[in-house]
Amino acid sequence: FLVRKGQAGTATQAEVQEGQNRLEQARTSLASLKEQEKQLRFKLLNMLGLEDSESVSIGAIPEPDLAAIGAIDFESDKNKAIGNDSNVQNQRHSKAVSTAEMNQRFRQVDEAEGTAEASITAAYQELQAQLLQYQAALESYAGAELVYQSQKRRQAAGMLSNTEYLQGEADYAKSKAAKETASMNLVQAYESYCWEVKGIG
């Protein structure tokens with residue numbers, strides 16, 4: 001686009017160079033995103049315990065169950081997690097005959113319950129943090145998708161340079177990758193929280 005204008009004498013050498021630089025930056029961004037996509041694939045397969053090979057095909061990243069996450073009753077789950085914790089159960093059922101042994105058992109039960117409570121609280125806080133990141137990524141992706149659709153229409157109408165379109169494509173791909181990463185992280189955080197409630201965290 002700018003190169004043709006440069007050849008026609010309507011763009012300066014600096015403008016042509018700037019346009020070529022932007023095109024190169026867009027190409028670099030796309031290459032970087034493809035690399036991120038490979039890393040995301042590796043992380044997902046690793047999480048599922050699968051080897052990364054060409055025979056493995058990945059469908060859509062699972063969407064988080066926002067209704068289930070929104071319905072969490074933390075106080076109830078916290079009590080379940082403490083009750084289900086194997087260390088808490090062991091300490092509660094340990095034998096104590098003398099007063100000294102009973103006092104020791106009470107201290108050990110308190111300590112085990114405190115550890116279990118800290119663990120489920122940390123899992124809940126991580127879940128909330130990942131939920132906020134997912135919501136922000138979702139909002140950003142929705143905006144990027146609108147812009148990208150507009151750019152595709154403009155390019156089809158010949159109103160957008162190849163450089164601008166490539167940059168738009170890179171921005172959209174980056175936003176989509178961020179949304180998928182946030183989605184996967186939220187699914188993982190919710191599963192970890194559920195395991196903590198079951199006492200298998």
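Definitions and limits used
- Residues numbered from 1 in each chain as written.
- Predicted model: local features only at pLDDT ≥ 70, side-chain atom pairs only at ≥ 80, totals over all residues.
- Heavy atoms only, no water.
- Helix = DSSP H or I, 4+ residues; strand = E, 2+ residues; numbered from the N terminus.
- Buried < 20%, exposed > 50% of the residue type's maximum accessible area, 1.4 Å probe, protein only.
- Contact = heavy atoms within 4.5 Å.
- Arc of directions from axis to C-beta.
- Salt bridge = Lys/Arg side-chain N within 4 Å of Asp/Glu carboxyl O.
- Core = buried A, V, L, I, M, F, W, Y, C linked by side-chain atoms within 4.5 Å.
- Expected span 1.5 Å × (residues − 1).

Student: Any chance you could explain the overall build of the protein here in plain terms?
Tutor: Looking only at helices and strands, the protein has seven helices and zero strands in total. Listing every helix and strand of the protein by position from the N terminus yields α-α-α-α-α-α-α. Counting all 201 residues of the protein, 29% fall into the buried class. Across the protein, contacts joining residues at least 24 apart in sequence account for 71% of those joining residues at least 6 apart.

Student: Quick question: what am I supposed to make of helix H4 (residues 74-84) here?
Tutor: Because each turn of an α-helix spans 3.6 residues, side chains separated by three or four positions in sequence point in the same direction. When we look at burial in H4, the residues that qualify are Phe74, Asp77, Lys78, Ala81 and Ile82. Here the buried residues of H4 occupy an arc of 135° about the axis, which is enough to place them on one side. Against the buried residues of H4 lie helix H5 (86-92), helix H6 (99-156) and helix H7 (162-197).

Student: For this particular structure, what's the right way to read the pattern of salt bridges?
Tutor: Pairing is possible between side chains that carry opposite charge, provided their charged atoms lie close to one another. Across all of its chains, the model carries four salt bridges by this definition. Linking Glu63 and Lys179 is a salt bridge whose minimum nitrogen-to-oxygen distance equals 3.8 Å. Linking Glu63 in the loop between helix H2 (13-48) and helix H3 (66-70) with Lys179 in helix H7, this pair joins segments that are 116 residues apart in sequence. For Glu63, a relative accessible area of 48% corresponds to the partly exposed category. Lys179 gets classed as buried once you look at its relative accessible area, which sits at 14%. Two residues, Lys78 and Glu75, come together in a salt bridge whose shortest N-O distance is 3.3 Å. Of this pair, Lys78 and Glu75 both sit in helix H4, separated by three residues, roughly a single helical turn. Taking relative accessible area as the criterion, Lys78 reaches 13% and is therefore assigned buried. For Glu75, a relative accessible area of 46% puts it in the partly exposed group. A single salt-bridge network, built from bridges that share partners, covers Glu75, Lys78 and Glu117.

Student: Could you clarify how one ought to interpret the nonpolar core in this entry?
Tutor: Residues Ile69, Ile72, Ile120, Leu127, Leu186 and Tyr193 are the most contacted members of the largest nonpolar core, which totals 15 residues. Contributing elements (two or more residues each) for this core: H4, H6 and H7. A per-element tally of this core places H6 first, with six residues. Not counting the four nearest positions on each side in its chain, Leu127 is found in contact with Ile69, Ile72, Leu186, Ala189, Tyr190 and Tyr193. Core analysis: the next-biggest nonpolar cluster, separate from the first, contains five residues, Tyr141, Tyr148, Leu160 and Tyr172 among them.

Student: How do you make sense of H7 when you look at a structure like this?
Tutor: Compared with the 52 Å implied by 1.5 Å per residue over 36 residues, the 52 Å span of H7 between its first and last C-alpha is a close match. Gly199 lies just past H7 and shows a positive phi near 80°.

Student: Looking at this structure, how should I read the environment of Gln25?
Tutor: Mapped onto the fold, Gln25 is located in helix H2. A relative accessible area of 49% means that Gln25 is categorised as partly exposed. Here the alpha-carbon distance between Gln25 and Thr163, two residues 138 residues apart in the chain, equals 9.1 Å.

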